[in-house]
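# Coordinate analysis (summary)
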Protein chains: 2
Amino acid sequence: MPTYTAPVKDTKFVLNEVINMQKYANLPGFQEATPDMVSAILEEGAKFVEGVLQPINLSGDQEGCTRHDDGSVTTPAGFKEAYEQYVEGGWGTLTMDPEYGGQGLPHTLATAFEEYMISANMAFAMYPGLTQGAIASIDAVGSDEQKKTYLPNMVAGKWTGTMNLTEPHCGTDLGLIRTKAVPQDDGTYKITGTKIFISAGEHDMSENIIHLVLAKMPDSPDTVKGISLFIVPKFVLDENGEPGERNSLSCGSIEHKMGIHGNSTCVMNYDEATGYLIGEKEKGLAAMFIMMNAARLGVGLQGLAMSEVSYQNAVTYANDRIQGRSLTGTKDKEKKADPIIVHPDVRRMLMNSKAFNEGSRALALWGALQVDLTHKAQTEEERQRADDLISLLTPVIKGVLTDKGYENATNAQQVYGGHGYVAEWGMEQFVRDARIAMIYEGTNGVQALDLVGRKLAKDGGRGIRTYFEVQQSFIAENKEDVRMQPLVEGLEKGVNDLQAATMWFMQNAMQNPDNAGAGSVAYMHLLGLVAIGHMWAQMAKTAFEALDGSSDDPQFYENKLATARYFFSHLMPETAVHRARVEAGSETMMALAADQF
Amino acid sequence: MPTYTAPVKDTKFVLNEVINMQKYANLPGFQEATPDMVSAILEEGAKFVEGVLQPINLSGDQEGCTRHDDGSVTTPAGFKEAYEQYVEGGWGTLTMDPEYGGQGLPHTLATAFEEYMISANMAFAMYPGLTQGAIASIDAVGSDEQKKTYLPNMVAGKWTGTMNLTEPHCGTDLGLIRTKAVPQDDGTYKITGTKIFISAGEHDMSENIIHLVLAKMPDSPDTVKGISLFIVPKFVLDENGEPGERNSLSCGSIEHKMGIHGNSTCVMNYDEATGYLIGEKEKGLAAMFIMMNAARLGVGLQGLAMSEVSYQNAVTYANDRIQGRSLTGTKDKEKKADPIIVHPDVRRMLMNSKAFNEGSRALALWGALQVDLTHKAQTEEERQRADDLISLLTPVIKGVLTDKGYENATNAQQVYGGHGYVAEWGMEQFVRDARIAMIYEGTNGVQALDLVGRKLAKDGGRGIRTYFEVQQSFIAENKEDVRMQPLVEGLEKGVNDLQAATMWFMQNAMQNPDNAGAGSVAYMHLLGLVAIGHMWAQMAKTAFEALDGSSDDPQFYENKLATARYFFSHLMPETAVHRARVEAGSETMMALAADQF
């Protein structure tokens, strides 16, 4: 049975020493997030996910969700009770608006907890995760009445939410959707259509499910410009605002998926279901994207979380499993073989994960801080700057963290040898669960295109220019520090590759947009390495400073330095091949006619 | 439902035009393998796998194998009947010794068929695959009587075989095995122990199952030097050589695996089962390695085969699925969107697979030819040279083709977006099935260590020196050809990186063996890229020559050239980062104490 221990110490290191949350104590929500409060929440959160969610992860995968003949869905044993505890603990209310019963704490802090929850049980974490997305959309574009009607119960967790975008024939290209919304005399709409891949579409955890559904009105253009967003509750509310009549929508089937079996992924059929327009007519996609951007950061976290939990188990196994002898001579003479952690290639897999996990955790929390600053920073300039940075980095955090999360989960499984392939050990579940994160909320190819095709050029390239300034000022500040030099040089090389690749796009993608598409994934990974490298350089700097002071835990900081050095010696050099791929352009990639494959 | 079409045309191109099988028509077995014969076998083989094996692949995954209370195992619906057709068609006899009922054809030809069989149904292909391995071991080390007793029925397919190495506590380090073989007065042995991960360990397809089992005799050293090999039949043969008394061995359970559900992977319990020593006492491991080396090449083929079948389906989907518009302007105005094959990133994934598949197919068939030459070439020098080359390349073919096969299957799944995650579409099965090939027959880390720790140094480095000569003479011969120049330069850059990495090991691995281990996987992939690049350069040369002549299918050769150019522009540049990783050494990788992970 796999295990999980929330990396509270590492999270606190990032929050308190690297991104330094306390610096923002003057901002709303941050003043309450004192180091003691942060510590208490993380430790309670760890207890909850370790004690309640993790023990039902493997069993949840094996049992899966069951759809009954009446269309109702039962979640795996323990999920309903765990959700009750989640609600009782107020875990869904951390960042929510106090007006609707939330605690108003920083998104940064909730992100830390969210990572733990996903590592412990990704399929479970999706239920509240989607609710949070739905709340964000209602909060952003709903009327005051809609907010008052839906948000308190959703924030409290009594009701959950979903997002309904995809249809059998369209996902990425939502202009093609066919679901119809026909206006009624009473101001409501009749929603009719089929939506697929609806996570948490039907289940037994909550009193009501608030579906947010994209549909087209009869007089709207049949394109991406004709899409509106609707609230379609499972139970239409009665005059007291309580769940009343059952709406004419149902779960037609549960998808048979590669993983996340504990999550009820539904085909949802809407058959003249009662819906309410939310936001402006034909502005549905914009409203949904509010939800989507937050969701993409959440999916990036899934990549990190699967990498972390699979890594932890691989470490345990690598220390327990004895097999063969160290290349440099026997390490444990008492035993008939050495633990496999003595083998460099096992180390390589563990160090790859470790360097990624700690670097990406810092990046994800830094990203969450930018989200907070976008809303809460004191000046418009600061808010704009944070928004520029997180807009640029959102596709990178989603795409790179999930690609690498899957790769690292696969490597962690590899550490187990044949046992990694056997279900009981739990490692293959991490791989199967991690796989979806590369696909949903926009495939990673779509993320890369969003980055290269939209974010780079947005506002005359202000985001990437700001980002280069951040990097360059860090490099300039630390280059002369002898201890930092080898790391800063590694970062600088990566930044140079990133600049060259950016320049190449500027010179070659205007005349042929395929040149942007062809290099987009390589560019995304190049930027991801630089972003994680930047975090590692900052963490190393923090570690040097802590060791200069009177740290009572020098080993922790020495460990950080060793891992930083590994990142720059073994992972950062990949930027060169990403740059080479960008500069190779689209010519050979697009040379064949479609029927020549 | 996924589909599969055996790439007969491409196979014939490699056999007839690239490695030029006809050149060896003077060797035993090759004279029968005329182009017409090769064509007939490949086309019949294609018909068999497409019509019989592929249709039961997805259903076989979903149904899996069933162990009954009496320990018997039922394979998925259709497997038993398909196996009967396999036997009737004589597909298992292609390369077998005519003395035991085989057709004596080249291994090269059988390898081509084997790829098809795996693409169509990997779980099925493992049943005869293991039998062939068992036959090879019995043929190599068995007594004449043992050969006569077992081989005819095994060659005919009436009996199947297995290999029993792994135990719960040991896989890679076989010195730790505990299974005991106690000599009896009648010259037989009583075998007692538990073996795990035994593919095809128990099933309903054959009249008997001949287990080859590693065990230690009571007076043997309890190390790797004390292992002997035993024949342990499911039914002990009676005086007529027919299956008689049921031996005291049984399938204790079927493993719950990530994939290859159609293959019965058993925990096998031996409880004083009757066994027969095969080969010399305490030379069991060497005997098993005869089987293992052939098996490793077969596992490499699994990587290629999963990449090929997943690619074919991704191509179909990319041409069918309409979503979004081309970056360079609408391609299909009649439709509401363009097929996704217009998008560069979809192309990237397809081209990565295509360039790998065709390059690796050539490499695998070239490798199979070396196996044939090892046995059949006319002079000792030629046999030695072939053996040197295939010894060096076996871990590369196993490790690189399976790592890349999994990566490509994952990419092919990615082309499907959300549908790729849903079982009915069949893509996720290819990923799950492909995963095991990186693990069994020695994990890919073990392959890399075999390459760097044993094969590089073997016979004073004769293998790698020979291989460099092959590359360099090709480069020298073709460098002046203007058309070949860009490709040859790409190859040369890769060869230079490989030489530098080899040199680095020579200078740094003696003083610290961890430097070899740390760079082993990077080196394996570097060598793999060079090996596949070499094949692409040869295929390009062949294509240029064909186009200079009066080819009646110029498009086929133009397609080869376009794909070769893609390989060198987008894939070959990776050699630089592999070299950088080798040269980064083990220092940062091994810096942390084991308890610091």
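In case you missed it, the structure is sitting above this.
Attention in this report is confined to the structure presented alongside it. Source: prediction; values computed, not measured.

Conventions used here
- Residues numbered from 1 in each chain as written.
- Chains lettered and ligands numbered in written order.
- Predicted model: local features only at pLDDT ≥ 70, side-chain atom pairs only at ≥ 80, totals over all residues.
- Heavy atoms only, no water.
- Pairing = 2+ DSSP bridges.
- Helix = DSSP H or I, 4+ residues; strand = E, 2+ residues; numbered from the N terminus.
- Contact = heavy atoms within 4.5 Å.
- Buried area = accessible area lost by both parts, 1.4 Å probe.
- Polar contact = N/O pair within 3.5 Å; in protein donor to acceptor, adjacent residues only side chain to side chain.
- Nonpolar A, V, L, I, M, F, W, Y, C, P; charged D, E, K, R; others polar.
- Salt bridge = Lys/Arg side-chain N within 4 Å of Asp/Glu carboxyl O.
- Buried < 20%, exposed > 50% of the residue type's maximum accessible area, 1.4 Å probe, protein only.
- Least-squares fit on C-alpha atoms with pLDDT ≥ 70 in both.
- Core = buried A, V, L, I, M, F, W, Y, C linked by side-chain atoms within 4.5 Å.

## With respect to the pairing of strand 5 (residues 189–199) of chain A
All names here are of chain A.
- Bridge count for strand 4 (residues 180–183) against strand 5 is four bridges, and the pairing is antiparallel. Considered in strand 5, the bridge of A181 is made with I191.
- A loop of five residues connects strand 4 with strand 5, the two strands running antiparallel in sequence, and G187 in this loop sits at a positive phi of about 90°.
- Where strand 5 lies against strand 11 (residues 265–278), nine bridges are found, and the strand directions are antiparallel. Considered in strand 11, the bridge of K190 is made with T274.

## Some points on the interface of chain B and chain A
- Of the residues lining the interface, 91 residues belong to chain B; the matching set on chain A comes to 91 residues.
- Around 7700 Å² of area is buried between chain B and chain A when both sides are counted, 60% of it from carbon and sulfur atoms.
- Summed over the three residues of chain B that lose the most area to chain A, namely Y421(B), H570(B) and F597(B), the buried surface amounts to 11% of that side.
- On inspection of chain B and its partner chain A, the count reaches 53 residue pairs in polar contact (both at pLDDT 80 or more).
- Here the residues of the side of chain B that touches chain A sort into 43 nonpolar, 29 polar and 19 charged.

## So, the pattern of salt bridges
Residues and elements named next belong to chain B.
- The tally for this structure, following the rule as stated, stands at 64 salt bridges over all chains.
- The partner of K404 in a salt bridge is E407, and the shortest N-O contact between them spans 3.4 Å. Separated by three residues within a single helix, K404 and E407 lie in helix 10 (residues 380–415), roughly one turn from each other.
- Here E407 falls in the partly exposed class, since its relative accessible area comes to 37%.

## Considering the relation of the copies chain B and chain A
- Relative to chain A, chain B is turned by 180° and slid 0.0 Å along the rotation axis, the superposed coordinates differing by an RMSD of 0.0 Å. Given the turn and translation reported, the copies of this chain are related as if by a two-fold rotation axis. The rotation axis passes nearest to the C-alpha of V577(B) in chain B, at a distance of 3.4 Å.
- Here 100% of the interface residues in chain B have copies in chain A that are interface residues too; the copies meet face to matching face.

## Some words on the nonpolar core
- Membership of the largest hydrophobic core comes to 404 residues, with the highest contact counts inside it found for L350(A), Y523(A), L350(B) and Y523(B).
- Excluding residues that lie within four positions of it along the chain, L350(B) makes contacts with F597(A), Y311(B), A314(B), V315(B), A318(B), I341(B) and V415(B).

Interpretation note: all reported values are geometric properties and have no functional meaning in isolation.
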